[in-house]
Structure formats: C-alpha cells, structure tokens
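One-letter residues, chain by chain:
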Amino acid sequence: MIKKSLSWLFILLAITMLTYLIFNDQDTSNTKLQAVDGQLDLSEITKEEEIVALSGEWRFIGHKFLEPANFPDHAPIEKVPGPWQADAEYGTYQLKIKLPPHFKKIGIRVRNIWSSHRLFINNEIAASYGKLATAREASKPSNPVYEVYFSPSSDSVILTIQVADFHNARHGIIFPIDIGDADALAKDVIQDVYLEKTTIIMLLIFSIFHFSLYLLRIRDKAFFYSAMYFFTLAILVCTRGERTLYREFPTIEFEFYFRLQDFITYINAVMLFLFFAYTVTAMMKRRTALLFVSPLLLYGVGTLLLPARSLSELQYIFFTYINFLAFFIIGRLLYLIMKKSAHVPKNELIILSATIISLLIFSISGTFDQLFFSGRNVFNRIGLLFFVVCMNIYLAMRLINRTRDAELYSQRLEKATIGKDSFLEVTTNELEQPLYHALNITKSLSTQSMTDKQQLLEQQLERLLYLVNDLKDFTRIRFQDFKIDVHPVNIQMIIQHVLIMHEKKIKKTHIRLYKHTNPKLLVQADEQRLGQILYRVLETAIAHAGNGDMILTVLHLDTDVRILVEGAGPEPIQQKAADETGQSIGKAIIEQMGGTYSVDLLQNGIRFIITLPFGAMSKC
C-alpha cells in the first residue's frame, strides 16, 4: 500500500516538474500593450516585463518596397499578427517603438514572415532572407526563424519590413515579432529550442517503443499506427514552432522544407485517425476508416508532389476537416459507451476519453495558430503534453490488459493440455496390456505354422502396440519424464523383423527393395523403441516409393553406425501431418540414445538418415 501511494505521489511530482519545465519560458501575454496607429509605447513597462510581443496596428503600404526614410507618416493600418488585407503580393510594414529605460541591449525575435523579406532597424538593414521582387519569376521565397541583437542609439526605434509573397494564400507576419532585453530573449530562445529538441527526442523514443510493441504483437495494428503517429509528430514538431530542422540545416531548400511540412501535417492526422479506428474496433469498419481519411491522403500527396504552398488556399477546409474528424471520434465513442458496445475495458475507456479530449485541445489550438496567426502555443503545449501522457498510459494499460488475458488463456490452455496428457497416459496404459496379451495369444495359437490371416492379425496387433508406445513416448517427452534402456542390440535382427511386418505392403505396391546390412553389427540403442522408430520410418518410405525403389543400408563409420532409408517413386507424395508427428517423436528418442535423426524430402521421395553409437561386432 505504501509503495502504491508513493508511486502516485511521484507520478504527480513528475507531471508537476514536467509542466514547470514546459511553461517556465517568458510569456509575452503579461504585457497587454498593443500598437496603435503604427506606434507602440513601451516606456512605462516594468523591469519584470523583459519580452514584449509587437502586436497591434502596424502601418502597411502595398505594391511598394519603401526605404525607412521614405515611408509616409500616414499610411493604412494592418493588424499584426495576421495576413494583410490589401490586395497585394508585396509591400512594406513599419512600426515606431518607444523603448523602456531597462532595454540597454535589445533582441528581436522573428518566427514567421511570409515570405522573402528585408528587416530594417531605423535606417540600417538588420536581416535579409530570400530575394525581393515585384514578380513571382524574379523572387526567391524564404521563411526562416531567427533573432537579431543590437544596441539602440536612442530611446526609440523604427522597424521597417519589406515583404514579398507570391507563394502562400495569406501574406504577412504570421506570428508576433518579439522585442526585449537581449539576454532575456536569448535565454528564452535557448529554452524554447532545447524544449523542442527534448520533445522531438521523446516522441522518437515513443515511436521506437511502439514499433517494438507492434513487432512483438504484430496482429495488433493499433501499435503500428500509434508508432507512426509519434514518428510523424516528431517530424512535424521539427518543421514548426522553433523550426528545429531549419536551425540545424539552414541551407535547406524552401521547396523541400514546406512540401515536407505540409505533407507530414496531414499524414500525421491520418495516422491518428487510423489509430483510434484500430484501437476501438467497434467504432467503424476498416474500409470506412480509409474512406474518411482518403481526402487527407490525397491532399497530403498533392502538397508533396506539387510546388510548395501551391495548395495553401485549401488549408482552411482541410484543417476544419481534421477537427471534424476529432469531433466525430468523440461523438462515436460516446455513442458506443452509451450503447455499451465499445468492447473495450472500462479502465481503457476512461483513459481513452481523456486522450481524445486533450487531442481536441491540441487540434483546435493548432488550427487557430496556423489559420488565425494567434502565435500563442500555450494550449498547444497543454494539449500535446496531456495527449502524449494519456496516450502512453492508455497503450500501457491496453498492453497490461492483453497480457493479463494472454496469461489467463495460457493457464486455461495449460490445464486443458495437462488434462489431455493425463487422458493419453491413462488410455495408453489401459490399451497396452490387452494388446500384449492379444499378441502373445496369437503367437501361442500358431506355434507350428501361421496362416496369412493369423500373420496379418499378428502384424496389425504389433503395429497397434507400436502406436500405443508412440503415444506414451509423446506424453513422456512433453513432461520430460523419459527413460530408455540402452544396450548393444543387433541392428539387422530389428530391421528384418520390421521388414517382415511390411512384407505384404512392399509386394502389393510393387516396390523394388535394395538392402545392405551386416549381421554381426551391434548398436547402442533401446531395442523396443528403435524397432518402433524403424517401423514408422519404413512405413513412410514405402508410402513414397510406390512402384519405385526403396534402399536400406547400414554402414559402420568408426564410432557410429549410419542407417539410411530412402524411398522414391515415379510421382511425388505429399507428407502427412501424422508423419511429421512421428518424425518428431523419433528424433527425440534417437537423440536420447546419443544419435542423430534427419529427414530430407527429395523430388519424388524421401530420405531418412539415422546415426547411432557403435556397440560392438557380434562373435556369433
């Protein structure tokens, strides 16, 4: 009880620490100031407010690339962050900022500007990405995330940004541009970058873990789709937010980067939907699930094959469709719960419901970020954190439940197997004695000469006795309670006895027998069991050698004796399951005697090779 309580306590402690590490970066929402009419007054903010978002009303003039000195005092207003409303594909932003006294050295953080642009601080160029032009053919797009640091020469600064965008459906400053104390901003960037890298590493670890679970339980495809979801989500995080992929590979091509970003966004949603479809099998049929995700698959493939952002005008529709699928999953799951037809254990349903709710938070928040340029990823983080935690708890619970079920079925199977083996043991013991008595009576009745019918009866009784002994040996081998009596025995006498039992069948099937044995050769073996093994071997060889040849040779090879039995006929014969069972029993017994047992299927026949330890050479 104490350990269980401590486990819950440490889980809560770990979640608290994780939450702190995720949300301990600077929050620009503490500052409510907004730019008004192209001006932002930060002169009265407190020293605790170290980073501020440059949100609000910026001045914007479309269809012109203006130098800072030539920007007019009165110009149209555009809301930042957000797309410019002017009917233009290029233009110039400007914002005048009055700085607070504690901003001695300043940092500016740019997250997302579509697309090629040039940033001026006062009258000097601070950053330039892509190639600005007034026509698509002459422009070169670029959309990096970066920071600029400088020391202001006065208590005010003017930011001017020339932007050209011929690729995206909505043009402008996508996420807020942050300004603040250089040291605080640099620290915040480092925290965000390392937090994102940690998230990527965790997601990749989760994907490897879930792929491993799938390989262990290959019939449970839910683990495959959960692994694919975590893997695609890791790539998605690489391409969005802090743009880790871009930071690590700054020379990456614009076309490749944004094709990958858009493709992985929709494939990630497909993997998640299929995960739920395969997890709750009562939710829908597999074909129905594929029908639901087919629009996302087609759009994702289109974004990968066509020029980057050429289909961006449709993203409103498909982001809305992704949220519709999330609501559909919740609605369908609630319906199944009310109907009590989800066929999922209650503990799994509770965690699964929490997983879907956190998914909805993450999905809606991500949609607002991408479509309405909120620039606030707090709910993204909350949704992603709880979704990843809940999803892994759910899958762990699912694995525990399946393991418990497997253990229960294994116990039931073991009991059934023990019952079957006990029945076989009792039955074989009951059959063995009457068969011995019947065989002895048959032999005593025919001391002078045996008729064909009496000989056939004796052979059949002896065959039944061999089968009973096979059953007994099979049971004993399973329980590892197997004892044999090994001593020197004459191999030719055993072979001759077995051949007499098969004599009529050999003649009836027109088999030509070629035999080579040594009458004085002794082997170390259990005489009774070697006889029943050779009976089974010859029976199988005869079945393959109809109207053909059967070869039986016994060779002395130094410390071993090799017995070769080969049967081949004009047509191939398919091996029966009973033959394979007999061979497995024979192999186990021969190995107990210190020998080897092998079977080779030929084109039109079969070959047995048995080796036994050499016993001696008989003197008589």
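See the structure above.
Residues numbered from 1 in each chain as written. Predicted model: local features only at pLDDT ≥ 70, side-chain atom pairs only at ≥ 80, totals over all residues. Heavy atoms only, no water.

What to know about the overall build of the protein
Here is step 1 of the chain: Within the protein, the regular secondary structure consists of 14 helices and 21 strands.
Here is step 2 of the chain: Split into buried and exposed, the 620 residues of the protein put 48% on the buried side.
Here is step 3 of the chain: For the protein, long-range pairs separated by at least 24 residues make up 75% of all intrachain contacts whose partners lie at least 6 apart in sequence.
Here is step 4 of the chain: Accessible surface, the protein as shown: approximately 32,200 Å² in total, 61% of it carbon and sulfur. (Helix = DSSP H or I, 4+ residues; strand = E, 2+ residues; numbered from the N terminus. Buried < 20%, exposed > 50% of the residue type's maximum accessible area, 1.4 Å probe, protein only. Contact = heavy atoms within 4.5 Å. Areas by Shrake-Rupley, 256 points an atom, 1.4 Å probe, with all protein chains shown as cover.)

Observations concerning the side chain of Thr92
Here is step 1 of the chain: Relative to the elements of secondary structure, Thr92 occurs in strand β6 (residues 90-98).
Here is step 2 of the chain: Within the structure, the side chain of Thr92 is placed 2.9 Å from the backbone nitrogen of Leu66, a separation counted as a polar contact.
Here is step 3 of the chain: In this structure, Thr92 is in contact with Arg59, Phe60, Ile61, Lys64, Phe65, Leu66, Phe71, Thr160, Ile161 and Gln162, ignoring residues within four places of it in sequence. (Polar contact = N/O pair within 3.5 Å; in protein donor to acceptor, adjacent residues only side chain to side chain.)

Structural notes on the packing of aromatic side chains
Here is step 1 of the chain: Enumeration according to the criterion identifies 28 aromatic pairs in this entry.
Here is step 2 of the chain: Here the aromatic residues Trp114, Tyr246, Phe254, Tyr257 and Phe258 are joined through ring pairs into a cluster of three or more.
Here is step 3 of the chain: Over the aromatic face of Tyr194 sits the side chain of Lys197, whose NZ or CZ is 5.6 Å from the ring centroid.
Here is step 4 of the chain: Note that Arg286 overlies the ring of Tyr278, its terminal NZ or CZ placed 4.1 Å from the centroid. (Phe/Tyr/Trp six-rings, centres within 6.5 Å; stacked < 30°, edge-to-face > 60°. Lys NZ or Arg CZ within 6 Å of the ring centre and 35° of its normal.)

What about the environment of Glu248?
Here is step 1 of the chain: With respect to the helices and strands, Glu248 occurs in helix α4 (residues 244-248).
Here is step 2 of the chain: By relative accessible area, which is 43% here, Glu248 ends up partly exposed.
Here is step 3 of the chain: In this structure, the C-alpha to C-alpha distance between Glu248 and Cys238, residues 10 residues apart in sequence, is 9.7 Å.
Here is step 4 of the chain: Among the polar contacts listed, one links the side chain of Glu248 to the side chain of Lys197, at a separation of 2.7 Å.

Thoughts on the sheet that holds strand β7 (residues 106-110)
Here is step 1 of the chain: Pairing is antiparallel across the open sheet formed by four strands, whose spatial order is β2-β14-β7-β11. Unpaired on one side and paired on the other, β2 (51-53) and β11 (146-150) mark the two borders of the sheet. Direction aside, the axes of adjacent strands within the sheet are offset by 20° on average. (Pairing = 2+ DSSP bridges. Axes fitted to C-alpha atoms, helices over the stretch in contact; angles between N-to-C directions.)

So, the nonpolar core
Here is step 1 of the chain: Judged by nonpolar contacts, the single largest core of 67 residues is most densely connected at Tyr229, Phe275, Phe276 and Leu296.
Here is step 2 of the chain: Of all the elements in the fold, those that place two or more residues in this core are α2 (182-216), α3 (221-239), α4, α5 (254-279), α6 (286-305), α7 (315-339), α8 (346-372) and α9 (378-444).
Here is step 3 of the chain: Counting residues per element, this core draws most heavily on α5, at 18 residues.
Here is step 4 of the chain: In terms of nonpolar packing, the next biggest core, distinct from the first, is built from 36 residues, Val523, Val554, Ile606 and Phe608 among them. (Core = buried A, V, L, I, M, F, W, Y, C linked by side-chain atoms within 4.5 Å.)

With respect to a positive patch on the surface
Here is step 1 of the chain: Together, Arg217, Arg219, Lys221 and Arg286 make up a positively charged patch on the protein surface.
Here is step 2 of the chain: With respect to the helices, strands and loops of the structure, Arg217 is situated in the loop between α2 and α3. (Patch = residues over 30% accessible without salt bridge, like charges linked within 9 Å, V, L, I, M, F, W, Y side chains within 5 Å. Salt bridge = Lys/Arg side-chain N within 4 Å of Asp/Glu carboxyl O. Lys, Arg positive; Asp, Glu negative; His and termini not counted. Charge placed at Lys NZ, Arg CZ, Asp CG, Glu CD.)

With respect to α5
Here is step 1 of the chain: Here α5 spans 37 Å end to end across 26 residues, near enough to the 38 Å set by a 1.5 Å rise per residue.
Here is step 2 of the chain: Within α5, 23 of the 26 residues are buried, which leaves the element mostly enclosed by the surrounding structure. (Expected span 1.5 Å × (residues − 1).)

Topic: empty space enclosed by the protein
Here is step 1 of the chain: Considering all chains together, one arrives at three cavities of 30 Å³ or more under this definition.
Here is step 2 of the chain: There is about 50 Å³ of room inside the largest cavity.
Here is step 3 of the chain: Considering the residues around the largest cavity, the lining is formed by 10 residues, among which Gln532, Ile533, Arg536, Gly582 and Gly586 are closest to the centre.
Here is step 4 of the chain: Classifying every residue of the lining of the largest cavity by side-chain character gives five nonpolar, three polar and two charged. (1 Å grid on protein atoms, 1.4 Å probe; cavity = no way out; pocket = protein on both sides within 12 Å on 5 of 7 lines; lining within 4 Å. Points joined across faces, edges and corners; volume = space filled by probe spheres on them. Nonpolar A, V, L, I, M, F, W, Y, C, P; charged D, E, K, R; others polar.)

Quick notes on the sheet that holds strand β13 (residues 172-173)
Here is step 1 of the chain: With respect to topology, three strands assemble into an open sheet ordered β5-β13-β8, the strand pairing being antiparallel. The open sheet terminates on both sides in strands that have one partner only, identified here as β5 (82-83) and β8 (113-114).
Here is step 2 of the chain: Here two bridges tie β5 to β13, and the two strands are oriented antiparallel to one another. Looking at β13, one finds that Pro83 is bridged to Gly172.

Topic: the packing of α5 against α7
Here is step 1 of the chain: One way to put it is that α5 packs onto α7 with a least axis distance of 11 Å and a crossing angle of 15°. When the axes of α5 and α7 are compared, the pair comes out roughly parallel. The element α5 and its partner α7 pack so that their crossing is left-handed. Mapping the contact onto sequence places Thr265, Tyr266, Ala269, Phe273 and Phe276 in α5 and Gln315, Phe318, Phe319, Ile322, Leu325, Phe328 and Ile329 in α7.
Here is step 2 of the chain: Partitioning the contact of α5 with α7 into residue classes produces 10 nonpolar, two polar and no charged. (Parallel < 35°, antiparallel > 145°, perpendicular 65-115°, else oblique. Left-handed = near helix turned anticlockwise from the far one by under 90°.)

A few points about the packing of α6 against α7
Relative orientation and spacing of two packed helices are given, respectively, by the angle between their axes and the distance between those axes.
Here is step 1 of the chain: Contact pair α6 / α7: the axes reach a minimum separation of 11 Å and the direction vectors enclose 150°. Relative to α7, α6 is oriented roughly antiparallel. Crossing of α6 against α7: the hand is left-handed. Contacts from Phe292, Pro295, Leu296 and Tyr299 of α6 reach α7 at Gln315, Phe318, Tyr321, Ile322, Phe324, Leu325 and Phe328.
Here is step 2 of the chain: A breakdown of the residues in the contact of α6 with α7 according to their chemical character gives 10 nonpolar, one polar and no charged.

Quick look at the pattern of salt bridges
Here is step 1 of the chain: Under the definition given, this model contains 17 salt bridges.
Here is step 2 of the chain: When the shortest N-O distance is used, the salt bridge between Arg247 and Glu147 registers 2.8 Å. Remark: Glu147 occurs in strand β11 and Arg247 occurs in helix α4; sequence separation between them is 100 residues.
Here is step 3 of the chain: Salt-bridge contacts for Arg529 lead to Asp526; the nearest nitrogen and oxygen are separated by 3.2 Å.
Here is step 4 of the chain: You can call Arg529 buried: its relative accessible area is 11%.
Here is step 5 of the chain: A relative accessible area of 7% means that Asp526 is categorised as buried.

Section: unusual backbone geometry
Backbone phi values are negative for most residues with the exception of glycine, while trans is the configuration of most peptide bonds.
Here is step 1 of the chain: Here the amide bond leading from Val80 into Pro81 is cis, since omega sits at 5°, within 30 degrees of zero.
Here is step 2 of the chain: Within the secondary structure, Pro81 is located in the loop between β4 (77-80) and β5.
Here is step 3 of the chain: The omega torsion across Trp114 and Ser115 is -10°, close enough to zero to call that bond cis.
Here is step 4 of the chain: Here Ser115 lies in the loop between β8 and β9 (116-121).
Here is step 5 of the chain: A positive phi angle, near 55°, is found at Arg243, a position not held by glycine.
Here is step 6 of the chain: The phi torsion at His510 lies on the positive side, around 55°, for a residue other than glycine.
Here is step 7 of the chain: You can see His510 is positioned in the loop between α12 (503-508) and β16 (512-516).

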